[in-house]
Amino acid sequence: MLFLVLRIFRFARSQAKKRTAEQQQQAYDPQGIRSGSSTMALDQAGSKKALLEDVIRFIQLVMALVVIGLYGQDLSSNHQNGVYVNAKWVYAVVAGGLAALTAFIYLVAAFVAKDRPLRTRPHLHLPLFLWQSVLCILWLVLFGIFGKMYIGNSNTKNNSNVDKMKNAVWIDIANLGLWVITGLWAGLRWRQSNKVVPQDTESVGDLEKEKAEATE
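Keep in mind the model is a prediction, meaning the values are calculated, not measured. In this numbering scheme, every chain counts its residues from 1 along its sequence in written order. A pLDDT threshold of at least 70 governs which residues receive local features in this predicted model, and a stricter bar of 80 or more applies before side-chain atom pairs are shown or counted, although totals over entire chains, interfaces and linings include all residues. As a rule here, side-chain values come from all non-hydrogen atoms in the structure, and water together with hydrogens is ignored.

Caption draft 1: Summary view of the overall build of the protein. Starting at the N terminus, helices and strands are each numbered in turn, a helix being any DSSP run of H or I of at least four residues and a strand any DSSP run of E of at least two. Scanning the protein from N- to C-terminus turns up five helices and zero strands. For the protein, the N- to C-terminal ordering of α and β elements is α-α-α-α-α. For the protein, the proportion of its 216 residues judged to be buried stands at 25%. Two residues form a contact once any of their heavy atoms are found within 4.5 Å. Counted over contacts in the protein with a minimum sequence separation of 6, partners at least 24 positions apart contribute 77%. Total accessible area on the protein stands at roughly 15100 Å², and carbon and sulfur atoms take up 64% of it. Residue exposure (1.4 Å probe, protein chains only): buried if accessible area is under 20% of the type maximum, exposed if over 50%, otherwise partly exposed. In these tables, accessible area is a Shrake-Rupley quantity obtained with a 1.4 Å probe, and a residue counts as shielded only by the protein chains included in the view.

Caption draft 2: View of the pattern of salt bridges. One speaks of a salt bridge when a side-chain nitrogen belonging to Lys or Arg is within 4 Å of a carboxyl oxygen belonging to Asp or Glu. Overall, the coordinates contain three salt bridges when judged by the stated rule. The partner of D74 in a salt bridge is K164, with the nearest N and O atoms 2.8 Å apart. Taken together, the residues span a long stretch of sequence, with D74 in helix α2 (residues 30-80) and K164 in helix α5 (residues 160-215) at a distance of 90 residues. Like K164, D74 is buried. Shared partners join several salt bridges into a network, and the residues in it are E53, R57 and R189.

Caption draft 3: View of the environment of Y71. Here Y71 is to be found in helix α2. With 94 residues separating them along the chain, Y71 and M165 place their C-alpha atoms 8.2 Å apart. Discounting chain neighbours no more than four positions away, the residues touching Y71 are W89, A92, V93, F146, M165, A168, V169 and D172. Polar contacts involving the side chain of Y71 include one to the side chain of D172, which spans 2.7 Å. The term polar contact refers here to a pair of N or O atoms within 3.5 Å; inside protein, the definition further demands a hydrogen-donor-capable atom paired with an acceptor-capable atom, and it admits residues adjacent in sequence only when both atoms are side-chain atoms.

Caption draft 4: Geometry of the nonpolar core. The definition of a nonpolar core used throughout is a set of buried Ala, Val, Leu, Ile, Met, Phe, Trp, Tyr and Cys residues joined through side-chain atoms within 4.5 Å. Counting residues in hydrophobic clusters, the biggest one holds 27 residues, and the most contacted among them are Y71, W89, W139, F146, Y150, M165 and W179. Those elements giving two or more residues to this core turn out to be α2, α3 (87-112), α4 (122-151) and α5.

Caption draft 5: Representation of the side chain of Q132 in the model. Checked against the element boundaries, Q132 lands in helix α4. Of the polar contacts made by the side chain of Q132, one reaches the side chain of R57; its length is 3.1 Å. Here Y106 takes part through its side chain, which lies 3.3 Å from a polar atom of the side chain of Q132. For Q132, the residues in contact, after removing those within four places along its chain, are R57, Y106, W179, T182, G183 and A186.

Caption draft 6: Layout of α4. In this scheme, a helix's expected span is set at 1.5 Å multiplied by one less than its residue total. With 30 residues, α4 extends 41 Å between its outermost C-alpha atoms, agreeing within 8% with the 44 Å of an ideal straight helix rising 1.5 Å per residue. Of all the positions in α4, only H125, L128, Q132, L135, C136, L138, W139, L142, F146, G147 and Y150 are classed as buried.

Caption draft 7: Region of interest: the confidence of the model for the protein. Per-residue confidence from the predictor is given as pLDDT, running between 0 and 100. Residues with a pLDDT of 70 or more make up 63% of the protein, whose mean pLDDT is 76. Per-element averaging of pLDDT across the protein places helix α1 (residues 2-27) at the bottom with 54 and α3 at the top with 92. Counting interchain partners and residues more than four positions distant, the pLDDT-below-50 stretch residues 32-39 has one contact. Confidence drops under pLDDT 50 across residues 197-204; counting only partners more than four residues distant or on other chains, this segment forms zero contacts.

Caption draft 8: Layout of the UniProt feature "transmembrane region" (unreviewed entry) in the protein. UniProt positions are given in the numbering used here, feature names are shortened, and annotations may be inferred rather than shown by experiment. In the numbering adopted here, UniProt assigns the feature "transmembrane region" (unreviewed entry) to residues 55-73, 89-112, 124-147 and 167-188. As annotated, residues 55-73 has a helix share of 100% and a strand share of 0%, and its two end C-alpha atoms lie 27 Å apart. Here residues 167-188 runs as 100% helix and 0% strand, with 32 Å between its end C-alpha atoms.

Caption draft 9: Structural detail: the packing of aromatic side chains. The aromatic pairing rule takes the rings of Phe, Tyr and Trp, using the six-membered ring of Trp, and pairs them if the centres are within 6.5 Å, calling planes under 30 degrees apart stacked, those over 60 edge-to-face and the rest tilted. Following the criterion strictly, the structure yields four aromatic pairs and no others. Between F129 and W190, the aromatic rings sit 6.0 Å apart at their centres with planes inclined by 15 degrees, giving stacked as the arrangement. With F129 in helix α4 and W190 in helix α5, the pair connects residues that are 61 residues apart, well separated along the chain. Overall, the relative accessible area of 23% leaves F129 in the partly exposed class. When its relative accessible area of 30% is taken as the criterion, W190 is described as partly exposed. Seen from their ring centres, F146 and Y150 are 6.5 Å apart, and the 5 degrees between their planes marks the pair as stacked. Here F146 and its partner Y150 are both found in helix α4, four residues apart, which amounts to about one turn of the helix. Grouping aromatic residues by their ring pairs yields a cluster made of Y71, W89, F146 and Y150. If you follow R57 out to its NZ or CZ, it ends over the ring of Y106, 3.6 Å from the centre. In this scheme, Lys NZ or Arg CZ marks a charge over a ring once it lies within 6 Å of the ring centre and within 35 degrees of the ring normal.

Structure representation (C-alpha cells):
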C-alpha cells in the first residue's frame, strides 16, 4: 500500500514539474518573441506604406482640383462671353473630375474603414488596378492634346493665357506620374493576391484532410 502511494506521489510530482516547465517555456519563448517582433516590424512597415499612399491620394486630389480650376476657368469665361465651348477643355475637366472623385473615395475609405481599407480587400485589387489604368490613359491623352498645343508648338504667342495653359500641361504630366505610381501599386497587390490565394486554399484543404484522417 505504501509502495502504491509513493508511486502515485512520484507520478503527480513529475507531472507537476512537467507542467511547470511547459508554462515557463510558454512564458519565455524566443521563437515567439522573434515572430512577435517580426510581426510588429511588418505592421509598422505596412502603416508607413499606408500613410505614404494616403499622402499621395491627397496630392492627387489637390492636383486634380487644380486642373479642374485651370480648364474650368476658360470654360466658364467662354460660356459667359457666348464663345463656342471647346471639347478639349471639357475633356480636361471630366478627366480631372474623375481623378478627383477617385482620390476622394480612397481618402474617405481610408478613414471610414480603417480596419479593412480598400488596399486590404483582394477582390477589389483587379477592378481598382483596371480603373487606375483607365485614369492613366486619360491623363496621358490629356497631356498629349495640350502638350502638342502649347509645349510642342512654337507658334503660340506669349501671353498670360498661354503661360497659364503651359503650366496646366506640366500639372497634367504630374498627375499622370502620380496615377502611374498608385496604378503600379494596385497591379502589384493584385499579382500578390493571386499568388497568396491558391496557397491559402491549399492549406485549408490540407487542414480539412488532416481532420478527416484524424476522425477516421
